[in-house]
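These are the residues of each chain, in order.
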Amino acid sequence: NAGVTQTPKFQVLKTGQSMTLQCAQDMNHNSMYWYRQDPGMGLRLIYYSASEGTTDKGEVPNGYNVSRLNKREFSLRLESAAPSQTSVYFCASSLDQGNSNQPQHFGDGTRLSIL
Amino acid sequence: GESVGLHLPTLSVQEGDNSIINCAYSNSASDYFIWYKQESGKGPQFIIDIRSNMDKRQGQRVTVLLNKTVKHLSLQIAATQPGDSAVYFCAENIRGDTGRRALTFGSGTRLQVQP
């Protein structure tokens, strides 16, 4: 069972460079999410997609863009990386049928360093 | 602002003992709560959830208690094992004005199991 798969696992960028973090889920989930986790802190929501074709800003969206390519894939793009974006990035997905609450399932993260 | 927080940043227990991890929440509109376990280098792993119409839910070796009167959530782990050593996060899920649900995480408690 793959669940939520994130690529790459590690990345080092220079300030100003751009890159896209990839995420795919094979659980036929409707909703997908991007979080960042900084040392000693919980996860903070960057962007969210309730369904294919829709995206919504979370708590810390500045400096990021997202694309819900299809039901399986949700990518996060840094257009011009800054040292403040050094973090571990987690993608998650949940079933979310209608108004029901469903737990989110997470990938193992992408560790991103901006020099 | 309203937030999810934890009372103890680090909890050390002896193998075989029971562990109790506590979490306070301040948003009275929260109606769904989740506990996650995060091991080093991994993404958060779903442990157990509880809806606000319940005050207790049991899983395998874990029990979650919800006290809505004092806005308190706890995770009890029976017969704690070395494999339980990890950081544990509580998260609350609330529906905002737009109808979108958002998951807010606490900063985590590290559980250390001593052999």
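Structure: above.
Nothing here was measured: the structure is a model prediction, and the numbers come from that model.

About the cut-offs
Counting from 1, residues in each chain are numbered in the order their sequence is written. Written order determines the labels here, with chains lettered from A and ligands numbered from 1. Since the coordinates come from a predicted model, pLDDT governs what is reported: local features require at least 70, and pairs of side-chain atoms require 80 or more to be given and counted, while whole-chain, interface and lining totals use all residues. To get the side-chain values, take all heavy atoms of the structure and skip hydrogens and water. Criterion for a disulfide: a pair of cysteine sulfur atoms within 2.5 Å. We count a stretch as a helix when DSSP gives it H or I for four or more residues in a row; a strand needs E for two or more, and each element gets its number in order from the N terminus. Buried means the residue's accessible area, taken with a 1.4 Å probe over protein chains only, is under 20% of the maximum for its type, while exposed means over 50%, and partly exposed covers the values in between. Put plainly, a pocket is an open set of points on a 1 Å grid over the protein atoms alone with protein on both sides within 12 Å along at least five of seven lines, a cavity is a set where a 1.4 Å probe fits but cannot get out, and a lining residue has an atom within 4 Å of a point. Grid points are joined across faces, edges and corners, and a volume is the space filled by probe spheres set on the points. Residue classes follow a fixed rule: Ala, Val, Leu, Ile, Met, Phe, Trp, Tyr, Cys and Pro count as nonpolar, while Asp, Glu, Lys and Arg count as charged, and any other residue, Gly among them, counts as polar. Note on contacts: a residue pair qualifies if any of its non-hydrogen atoms lie within 4.5 Å across the two residues. Note on definitions: salt bridges are taken to be side-chain nitrogens of Lys or Arg within 4 Å of carboxyl oxygens of Asp or Glu. A 3.5 Å cut-off defines polar contacts: any pair of N or O atoms within that distance qualifies, except that in protein one atom must be a possible hydrogen donor and the other a possible acceptor, and neighbouring residues in sequence count only when both atoms are side-chain atoms.

Engineer: Before we move on, could you go through the state of the cysteines and cite the residues and values that matter?
Structural biologist: All names here are of chain A. Enumeration over the complete set of coordinates arrives at 2 disulfides over all chains. With a sulfur-sulfur separation of 1.9 Å, C23 is cross-linked through a disulfide to C91. Between C23 and C91, the S-S dihedral sits near -75°, and the bridge is therefore left-handed. With C23 in strand β3 (residues 19-25) and C91 in strand β9 (residues 87-94), the pair connects residues that are 68 residues apart, well separated along the chain. In terms of burial, C23 and C91 fall into one category: buried.

Engineer: Account for the layout of surface pockets, with residues named and values stated.
Structural biologist: When its volume is computed, the largest pocket comes out at roughly 470 Å³. Around the largest pocket, the lining comprises 25 residues; the ones closest to its centre are Q37 and G40 of chain A together with Q38, V87 and R110 of chain B. The set of elements that each furnish at least two residues to the lining of the largest pocket consists of β9 and β11 (110-114) of chain A together with β9 (86-95) and β11 (109-114) of chain B. Among the residues forming the lining of the largest pocket, the class breakdown is 9 nonpolar, 11 polar and 5 charged.

Engineer: So what about the interface of chain B and chain A? Which residues, and what values?
Structural biologist: Counting residues at the interface gives 21 residues for chain B, matched by 20 residues for chain A. Taken together, the connections running from chain B to chain A amount to 1 salt bridge. The salt bridge partner of D108 of chain A is K42 of chain B, with a shortest N-O separation of 4.0 Å. Along the contact surface separating chain B from chain A lie 4 residue pairs in polar contact (both at pLDDT 80 or more). A breakdown of the residues in the side of chain B that touches chain A according to their chemical character gives 8 nonpolar, 6 polar and 7 charged.

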